[in-house]
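# Structure at a glance
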Amino acid sequence: MPVEMSSRRSSRITDEEISELISKLQSLLPESRRRSMSRASAAKLLKETCSYIKSLHREVGDLSDRLSDLMSTMDSGSPQAEIIRSILRS
Amino acid sequence: MQVTEAFKHAFLKQMLLGFQASAVSTKSMGFQERKNAIKLSADVAMAVARGSRKWTRGLIAGLSEERQNRSFLRLILGEQYESLLKPCHSSWKIPRCKKIVRRSLRVCWRKQKKNQSGVLARTLVEKRTQELKRLVPGGESMDGSSLLDETLDYVLSLRAQVDLMQSLLTTFEASKLRSHSKRRLPERKASYVSK
């Protein structure tokens, strides 16, 4: 299987890709972040996207913590266990 | 990408199966171990519910790099595990590219004059792109247009993951409160009757 040398060349973003990126990513970011970026540059937008992804990662970590607390006090007779069983049955 | 009812259902079911497989309700489990097992189940569930994408394969490949995850992944994914790891070029990193970018960044900063704003902007885009590539699973080996598509898809999936975990948490907490209040009622009745 030939090594994909072309991907090294094409890892640079072209200008059309940049403008596509701007419009699509802008629509993706939550309202609060969009408002402060009236003249969004590609670099700013990429930075916002990166920090948005990082904040979503942090939220998942935090929710895992809280679920962990709840699961630790769960036994097979608890209502949480029943909820789990009913979802798995569906 | 649309967050459909089918996606939500597949995610929840897959995550709960993962909880069962790693026995997260075992009382003797340490906090960190339980938390890691929950997060692992949530990530695998997100990848499975989404289906085959560059980022989902990248995510599974990344999780697979840690030895302690492998038996869980094999158990939970079954045959899918082998096929998800197969296209090896998806996980092919381009370490040299980073060095080249860093070197060219240093050169560009040294050459900074007033009218270099075009070069600066392009360099900054390259730098941010590299950061985005590190954040999106499998991003290191993606080209510009793939990275765009995969980023959008990944962010939408992450948002769904957050929402679904939150709703599960809320459901659990609500059921816990309900069961506590139910237990108290019979006692109150008894004291009223005795009066």
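Residues numbered from 1 in each chain as written. Chains lettered and ligands numbered in written order. Predicted model: local features only at pLDDT ≥ 70, side-chain atom pairs only at ≥ 80, totals over all residues. Heavy atoms only, no water.

### Let's talk about the confidence of the model for chain A
Residue and element names in this part refer to chain A. Overall, the prediction assigns chain A a mean pLDDT of 75, with 66% of residues at 70 or greater. For chain A, the element scoring lowest by mean pLDDT is helix α1 (residues 6-9), at 44; helix α4 (residues 42-72) scores highest, at 92. Residue range residues 1-11 is modelled with pLDDT below 50. Its contacts to residues more than four positions away, or to other chains, number 13 contacts. (pLDDT = per-residue confidence, 0-100. Helix = DSSP H or I, 4+ residues; strand = E, 2+ residues; numbered from the N terminus. Contact = heavy atoms within 4.5 Å.)

### Thoughts on helix α3 (residues 54-64) of chain B
In terms of residue burial, α3 of chain B counts as a mostly covered element, since nine of its eleven residues are buried. Turning to α3 of chain B, its buried residues number three or more, namely Trp55, Thr56, Arg57, Gly58, Leu59, Ile60, Ala61, Leu63 and Ser64 of chain B. (Buried < 20%, exposed > 50% of the residue type's maximum accessible area, 1.4 Å probe, protein only.)

### Some thoughts on the UniProt feature "domain: IBH1-like N-terminal" (unreviewed entry) in chain B
Annotation from UniProt places "domain: IBH1-like N-terminal" (unreviewed entry) at residues 5-65 of chain B. Secondary structure across residues 5-65 of chain B divides into 79% helix and 0% strand, with the first and last C-alpha atoms of the span separated by 31 Å. (UniProt positions renumbered as here; feature names shortened; annotations may be inferred.)

### Some words on the packing of helix α2 (residues 31-50) of chain B against helix α4 (residues 67-77) of chain B
Residues and elements named next belong to chain B. Look at α2 against α4: their axes get within 12 Å of each other, and the N-to-C directions meet at 40°. It follows that α2 is oblique to α4 by the angle criterion. Our pair here, α2 against α4, has a crossing hand that is right-handed. Between α2 and α4, the residues in contact are Leu40, Ser41, Val44 and Val48 and Asn69, Phe72, Leu73, Ile76 and Leu77, respectively. (Axes fitted to C-alpha atoms, helices over the stretch in contact; angles between N-to-C directions. Parallel < 35°, antiparallel > 145°, perpendicular 65-115°, else oblique. Left-handed = near helix turned anticlockwise from the far one by under 90°.)

### Notes on the environment of Leu59 of chain B
Residues and elements named next belong to chain B. With respect to the helices, strands and loops of the structure, Leu59 is situated in helix α3. For Leu59, a relative accessible area of 11% gives the class buried. Linking Leu59 and Gly138, residues 79 residues apart in sequence, is a C-alpha distance of 6.7 Å.

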